Amino acid sequence: MSVDQPQQDLPSHYEAIVIGAGQAGPGVAGGLAERGRVALVEMAQVGGTCVNHGCKPTKALRASAVIAHHARRAADYGVHTGEVTVDFGFAIARVHQIIEDQVEGLLSYVDSVDNLDLVRGHATLATDPTGAEHVVTVDGRRLTTSQVYLNVGARASIPPTPGLDTVDYLTEVELLNLTELPEHLVIVGGGYLGCEFGQMFRRFGSEVTLVAGGRVAAREDPDVSQILTETFEAEGIRVIAGRTSAVTKADDGGVEVTLEDGSTATGSHLLMAVGRRSNSDLLGPDHGIETDRRGFFVTDGRFQTSVPGVWALGDVNGRGAWTHTSYQDGQIMLTPPRNVDGRVPTYAMFTDPPLGRVGMTNAEARKSGRRVLKAEVSMSKVSRAILESETTGVMRILVDADTEEILGATILGLQADDVIQVVSTAIQAGVRYPTVRDALPIHPTMAEYVPSILGSLQPLD
């Protein structure tokens, strides 16, 4: 149907109903529409987190920050410029134009699919334990179906913090809607959002204080966290390894964050970036689907929930809060008997330089009980990194000494977000490390060091 078709003209029963037009939803809805009429229900804006306030807009904004940083370093390459300033209003307007284009493209796709109705409004779900007739209510309109696919995602998690309700704090949604650059951005949370936004806004010209809890990027090995911390501090970011105990309004109208040790951090704006929570609660109290302790739907390898005829895809199933996992969930759903069991999670943090990760860290490998070998090189020894004067970081690959399996990799440095996929593909395909080691690499590239360092494996200490 046309996306502008009056909602009152829609039927009350569908072959299938997909709730959520994020990364998995539209593709699944389009595939199912080949077999019958399908409703795609969206509570906010098509595209979900990725398109509207996640991957795509943040990476578009990052591009402006990277260009500004390179311009300031131009003299290191014999290129001379004048004073480098950032027009934040222009940069954020560029981001919003990209979002608009992405949304329009997705709406055009939905409009092109026969038997697919886009239904807008808040949806609640009441499931039938037998799977015969589930009821989806959208702003008072009752829709029924025997098949429900949930792609409702996740949102910023806001921990109970004394005084937080007295200040105008930001999540990534509000941050990306700013039109003026914050004078001093205080970020609570040292995970990927905190690190990425902290570096971006410092490069735009904001003062930045990063309250990182225990340490930045705490899920990574300590040496990786240390490299990131030193990188941020060299760029003028104040990094505090402490936990927030309270928030109050500052005397100048800004915000003051008090840490557990009594110290404080004061700024003009506060970003809360302490993790994500499931959107399962948005479906109302009658969905009847089993969730884990964090509110994510429990599913099997084909994304089937505890209720017959209901599947959960993307962030809300707790199998990875990334666009690429959500998108692949949709692909798997449409191609039985394919399932998600055995998928090797891989991800990147888009700092500059970026971090690419797959499989085990050093700490996880030590706990595994395996005989583990490690191949490692500092980016200061990598030819392409030297040529680019981008020598911050490390490349590390872990393998099983007995089975020759590749167990994991950590790559922090130039192009790490792309290079990590060489390793993740090998792991997913079951390729043993000698095959990768003996491959012919192209010189001078970053990826050439994947096979190169596998020739110098040493026991993991």
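Summary of the structure given here. Just so it is clear, the structure is predicted and the values come from calculations on it, not from any experiment. (Residues numbered from 1 in each chain as written. Predicted model: local features only at pLDDT ≥ 70, side-chain atom pairs only at ≥ 80, totals over all residues. Heavy atoms only, no water.)

## Brief notes about helix H11 (residues 416-429)
Basically, it comes down to this: A run of H or I in DSSP becomes a helix once it reaches four residues, and a run of E becomes a strand once it reaches two; helices and strands are each numbered from the N terminus. To estimate the expected span of a helix, count its residues, drop one, and scale the result by 1.5 Å. Residues are treated as being in contact if the distance between any of their heavy atoms lies within 4.5 Å.
Along its 14 residues, H11 runs 20 Å from first to last C-alpha, staying within 8% of the 20 Å computed at 1.5 Å per residue. Residues of H11 that are buried sit in contact with strand S18 (346-349), strand S19 (355-359), strand S21 (394-400), strand S22 (406-412), helix H12 (433-437) and helix H13 (449-453). Taken from the residues just after H11, Gly430 is the one with a positive phi, measuring 75 degrees.

## Regarding the pattern of salt bridges
The line we're drawing: Only one rule defines a salt bridge in this text: a Lys or Arg side-chain nitrogen within 4 Å of an Asp or Glu carboxyl oxygen. With a 1.4 Å probe rolled over the protein chains alone, any residue whose accessible area is under 20% of its type maximum counts as buried; one over 50% counts as exposed, and the rest are partly exposed.
Counted under the stated rule, the structure contains 23 salt bridges. For Arg73, the salt bridge is made with Glu390, and the minimal N-O distance between the two is 2.9 Å. With Arg73 in the loop between helix H3 (55-72) and helix H4 (88-112) and Glu390 in the loop between helix H10 (383-387) and S21, this pair connects stretches of sequence that are 317 residues apart. By relative accessible area, Glu390 is classed as buried at 16%. Notably, a salt bridge pairs Glu235 with Arg203, separated by 2.8 Å at the nearest N-O pair. With a gap of 32 residues between them, Glu235 in the loop between helix H7 (222-234) and strand S11 (238-240) and Arg203 in helix H6 (residues 192-204) connect regions that are remote in the sequence. For Glu235, a relative accessible area of 18% translates into the label buried. Each member of the salt-bridge network shares a partner with another, and the members are Asp221, Asp223, Lys374, Glu376 and Arg396.

## What about the environment of Leu125?
Counting through the fold element by element, Leu125 comes out in strand S4 (residues 123-126). By relative accessible area, Leu125 is classed as buried at 2%. Considered as a pair, Leu125 and Gly284 are 159 residues apart in the sequence and their alpha carbons are 6.5 Å apart. Contact partners of Leu125, with chain neighbours within four places excluded, come to His134, Val135, Val136, Val148, Leu150, Leu283, Asp286, His287 and Ile289.

## Describing the sheet that holds strand S5 (residues 134-138)
Cut-off, in case you're wondering: Two strands make a pair as long as DSSP finds a minimum of two bridges between them. Helix axes are fitted only over the stretch in contact, all axes being lines through C-alpha atoms; the angle between N-to-C directions runs from 0 to 180 degrees.
Across the sheet, which stays open at both edges, the three strands sit in the order S4-S5-S6 with antiparallel pairing between neighbours. At either margin of the open sheet sits one strand with a lone partner, and together these are S4 and strand S6 (141-145). Neighbour-to-neighbour, the strand axes of this sheet turn through a mean angle of 25 degrees, independent of strand direction. Pairing of S4 with S5 involves four bridges; the strand directions are antiparallel. Directly across from Ala126, in S5, lies its bridge partner Val135.

## A word on the packing of H3 against H6
What counts here: Each angle receives one of four descriptions, namely roughly parallel if under 35 degrees, roughly antiparallel if over 145, roughly perpendicular if within 65 to 115, and oblique otherwise. Handedness of a crossing is defined here by the sense of rotation of the near helix relative to the far one, left-handed for an anticlockwise turn of less than a right angle and right-handed for a clockwise turn. For this scheme, ten residues count as nonpolar: Ala, Val, Leu, Ile, Met, Phe, Trp, Tyr, Cys and Pro. Four count as charged, namely Asp, Glu, Lys and Arg, and the remainder, Gly too, count as polar.
Two elements in contact, H3 and H6, have axes whose closest approach is 9 Å; the angle formed by their N-to-C orientations is 45 degrees. In terms of their interaxial angle, H3 and H6 are classed as oblique. The handedness of the crossing between H3 and H6 is left-handed. For the pair H3 and H6, contact is made by Thr58, Lys59, Leu61, Arg62, Ser64, Ala65, Val66, Ala68, His69 and Arg72 and by Glu196, Phe197, Met200, Phe201, Arg203 and Phe204, respectively. When its residues are assigned to classes, the contact of H3 with H6 shows eight nonpolar, three polar and five charged.

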